[in-house]
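# Descriptive analysis of the structure
Chain residues, written in single-letter form:
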Amino acid sequence: MPEQQTLPPQPSVRRTGQVTALFSGGRSYTEREVNEALLTVHEDCSALRRHLVVAGLLVRPRDGSSYRRVR
């Protein structure tokens, strides 16, 4: 099993800005588009995607069909 890479518990403001800058406001993204963008900054795109949703930086409907940048 490969070594698990964890996210820092509270990412820096600079890092958060870099990640949210990957997404334009007012546009919906598919999960695949989000994953491809997040892979440019972190190898565990699923964990990072979940972190962004929990932090309220990305929102998604219950069915997970799309994602939108909030801030």
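For the structure, check the block above.
These remarks concern the structure in this document. As the structure is a prediction and not an experimental result, all values here were calculated from the model.

Conventions adopted
Residues numbered from 1 in each chain as written. Predicted model: local features only at pLDDT ≥ 70, side-chain atom pairs only at ≥ 80, totals over all residues. Heavy atoms only, no water. Phe/Tyr/Trp six-rings, centres within 6.5 Å; stacked < 30°, edge-to-face > 60°. Buried < 20%, exposed > 50% of the residue type's maximum accessible area, 1.4 Å probe, protein only. Helix = DSSP H or I, 4+ residues; strand = E, 2+ residues; numbered from the N terminus. Salt bridge = Lys/Arg side-chain N within 4 Å of Asp/Glu carboxyl O. Arc of directions from axis to C-beta.

Now for the packing of aromatic side chains. One pass over the structure, following the stated rule, counts one aromatic pair. Ring centres 5.2 Å apart and planes at 80 degrees place the aromatic pair Phe23 and Tyr29 in the edge-to-face group.

This brings us to helix α3 (residues 45–54). All of the buried residues along α3 are Cys45, Ala47, Leu48, Arg49 and Leu52. Gly56 occupies a position one or two residues after α3 and carries a positive phi of about 80 degrees.

A few words on the pattern of salt bridges. This model, assessed by the stated rule, comprises three salt bridges. One salt bridge in this structure joins Arg49 and Glu31, with 3.6 Å as the shortest N-O distance. Residue Arg49 is found in helix α3, and its partner Glu31 is found in helix α2 (residues 31–38); the two are separated by 18 residues along the sequence. In this structure Arg49 comes out as buried when scored by relative accessible area, which is 7%.

On to α2, then. Among the residues making up α2, those that are buried are Val34, Asn35, Ala37 and Leu38. Seen from one end, α2 has its buried residues packed into an arc of 165 degrees, which puts them on one side.

These figures come from the coordinates and say nothing about function on their own.
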